[in-house]
Amino acid sequence: MNRRNFLKRAATIGAAVTVAPMSFSAFGEATKTSSSNLGRMKLTFAPYELQLRHAFNLARYSRTTTPDVLVQLELDGITGYGEASMPPYLGESVESVTNFLSQLDLGQFTDPFRIADIHEYMESVAPDNRAAKASVDIALHDLLGKIMNQPWYKIWGLNPDKAPNTSFTIGIDKADVVRQKVDEAAPFKVLKVKMGLDNDKELVEIIREKTDVPICVDANQGWNDKEKALEMCHWLAERNCLFVEQPMDKTQIDETAWLRERSPLPLIADEFMQRLPDVRRAAEAYDGINIKLMKSTGLYEAHQMAELAKALGMKVMLGCMTETSCGVTAAAQLAPMVDWADLDGNLLIANDPFDGIKIVDGQVRVPLDRPGIGAVPLEG
Ligand code: MG
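Described in the following lines is the structure provided in the data block. (Residues numbered from 1 in each chain as written. Predicted model: local features only at pLDDT ≥ 70, side-chain atom pairs only at ≥ 80, totals over all residues. Heavy atoms only, no water.)

1. Considerations on unusual backbone geometry
Glycine aside, residues mostly have negative phi, and peptide bonds are mostly found in the trans state.
Part 1 of the argument: Notably, D76 is not glycine yet its phi reads approximately 50°, a positive angle.
Part 2 of the argument: Looking at the secondary structure, you find D76 in the loop between β4 (68–75) and β5 (78–85).
Part 3 of the argument: A relative accessible area of 11% places D76 in the buried class.
Part 4 of the argument: Of note in the backbone geometry, Q246 takes a positive phi value of approximately 40° without being a glycine.
Part 5 of the argument: You can call Q246 buried: its relative accessible area is 0%. (Helix = DSSP H or I, 4+ residues; strand = E, 2+ residues; numbered from the N terminus. Buried < 20%, exposed > 50% of the residue type's maximum accessible area, 1.4 Å probe, protein only.)

2. Here we look at the coordination of the magnesium ion
Part 1 of the argument: Coordination of the magnesium ion by the protein comes from D218 (OD), E245 (OE) and D270 (OD), over a distance range of 2.1 to 2.2 Å.
Part 2 of the argument: Counting residues between consecutive donors of the magnesium ion along the chain gives the motif D-x26-E-x24-D. With E245 in strand β9 (residues 241–245) and D270 in the loop between β10 (267–269) and α10 (277–282), this pair connects stretches of sequence that are 25 residues apart.
Part 3 of the argument: Of the residues examined, E245 reaches a relative accessible area of 0% and is grouped as buried.
Part 4 of the argument: We classify D270 as buried; its relative accessible area is 2%. (Donors = N, O, S within 2.8 Å, 3.2 Å for Na, K, Ca; no water.)

3. Overview of the packing of aromatic side chains
Part 1 of the argument: In total, this model carries six aromatic pairs according to the counting rule given.
Part 2 of the argument: Between Y81 and F354, the aromatic rings sit 5.8 Å apart at their centres with planes inclined by 70°, giving edge-to-face as the arrangement. Residue Y81 is found in strand β5, and its partner F354 is found in strand β14 (residues 354–355); the two are separated by 273 residues along the sequence.
Part 3 of the argument: Owing to a relative accessible area of 3%, F354 belongs among the buried residues under this scheme. (Phe/Tyr/Trp six-rings, centres within 6.5 Å; stacked < 30°, edge-to-face > 60°.)

4. Describing a nonpolar patch on the surface
Part 1 of the argument: On the surface, F113, M148 and I155 cluster together into a nonpolar patch covering about 220 Å² of accessible area.
Part 2 of the argument: Positionally, M148 belongs in helix α4 (residues 130–148). (Patch = residues over 30% accessible without salt bridge, like charges linked within 9 Å, V, L, I, M, F, W, Y side chains within 5 Å. Areas by Shrake-Rupley, 256 points an atom, 1.4 Å probe, with all protein chains shown as cover. Salt bridge = Lys/Arg side-chain N within 4 Å of Asp/Glu carboxyl O.)

5. Notes on the side chain of T256
Part 1 of the argument: Position of T256 among the secondary structure elements: in helix α9 (residues 253–262).
Part 2 of the argument: A relative accessible area of 0% places T256 in the buried class.
Part 3 of the argument: One polar contact links the side chain of T256 to the main-chain carbonyl oxygen of Q252, over a distance of 2.6 Å.
Part 4 of the argument: Beyond its immediate sequence surroundings of up to four residues, T256 is in contact with M248, L267, A285 and Y286. (Polar contact = N/O pair within 3.5 Å; in protein donor to acceptor, adjacent residues only side chain to side chain. Contact = heavy atoms within 4.5 Å.)

6. Brief notes about the sheet that holds β5
Part 1 of the argument: If you walk across this open sheet you meet the three strands as β1-β4-β5, and the pairing is antiparallel. The outermost strands of the open sheet, each flanked by one partner alone, are β1 (42–47) and β5. On average, each strand axis in the sheet is inclined to that of its neighbour by 20°, with strand direction left out of account.
Part 2 of the argument: The pairing of β4 with β5 spans eight bridges and is antiparallel. Directly across from Q72, in β5, lies its bridge partner Y81. (Pairing = 2+ DSSP bridges. Axes fitted to C-alpha atoms, helices over the stretch in contact; angles between N-to-C directions.)

Put into structure tokens, the structure is as follows:
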């Protein structure tokens, strides 16, 4: 395709996918233009605070908002969308993400399909900054999918019918709030229960008064005694529990390996897991891994992590942070590859500026014919 035809086609694709213009008022203030030339990628970004529907209570802290940065990557009239979500315990912030993004010069890449080179470049700019890198990676995948006019599940050759049921998270809370959350979770066929405090069993008993759907448990490193953790695994196995996520502290590798030898339930690494090299380390103590785009630096590495974990015979779970439908829908493109999905992050916020995945009969569904990551901005 020559350049003129490409531009013509790009304009058509752009018109087809841009359902509504996005009016992020903050764009233009905290923005960086890598190049104004045609054929050069232009990165813009703006902070966006996520408002949580319920206070988010975990074993170690509580919060009502999550800082986030929304990203746009534009090339020849086509726009890819991405985001960085920064739960405080992961160490990134609006300041660190915008600082990182400000240092990038993506205009140097004349071929946007050089995903590996772009990741290598981002690593050379600064280590860590995983959510910041994920925001660029997601926007890049969105852009490339739109240029190819295909959704990513198709580009990867995946069958969307194989996406697993997704779980809905019931956080640690008072009994009446837990009952209300279980009612809200009626469309879901799996519940994820956050644990790691003294009333863990009470929480499960309240849920079991109302429903017998399978649960999965996330201890968030809250069980620091291996004997107690083993007792909980046996107790949960008798109550239709599928697996236990991060039962003990991420540094307790020997204790976790001990627990795996004896536990009737699979153990899944979450806080222990960040990026591709962690998959092999996780295999020493866990039965599976939880992949999240904000930790993996986006889809490029997440896809490789899922492939490696499967090759090692491990279970794969796909999770997310509290995110808009942008990040969650991008992750959902990978859902047909995984055993369990925990993609409810967009449902936990009250100000989602995107339209994307839907939960149909408990299963996560991406918009099947929408190119790129499958999320589009809502008007507003
Ligand atoms: Mg977790």
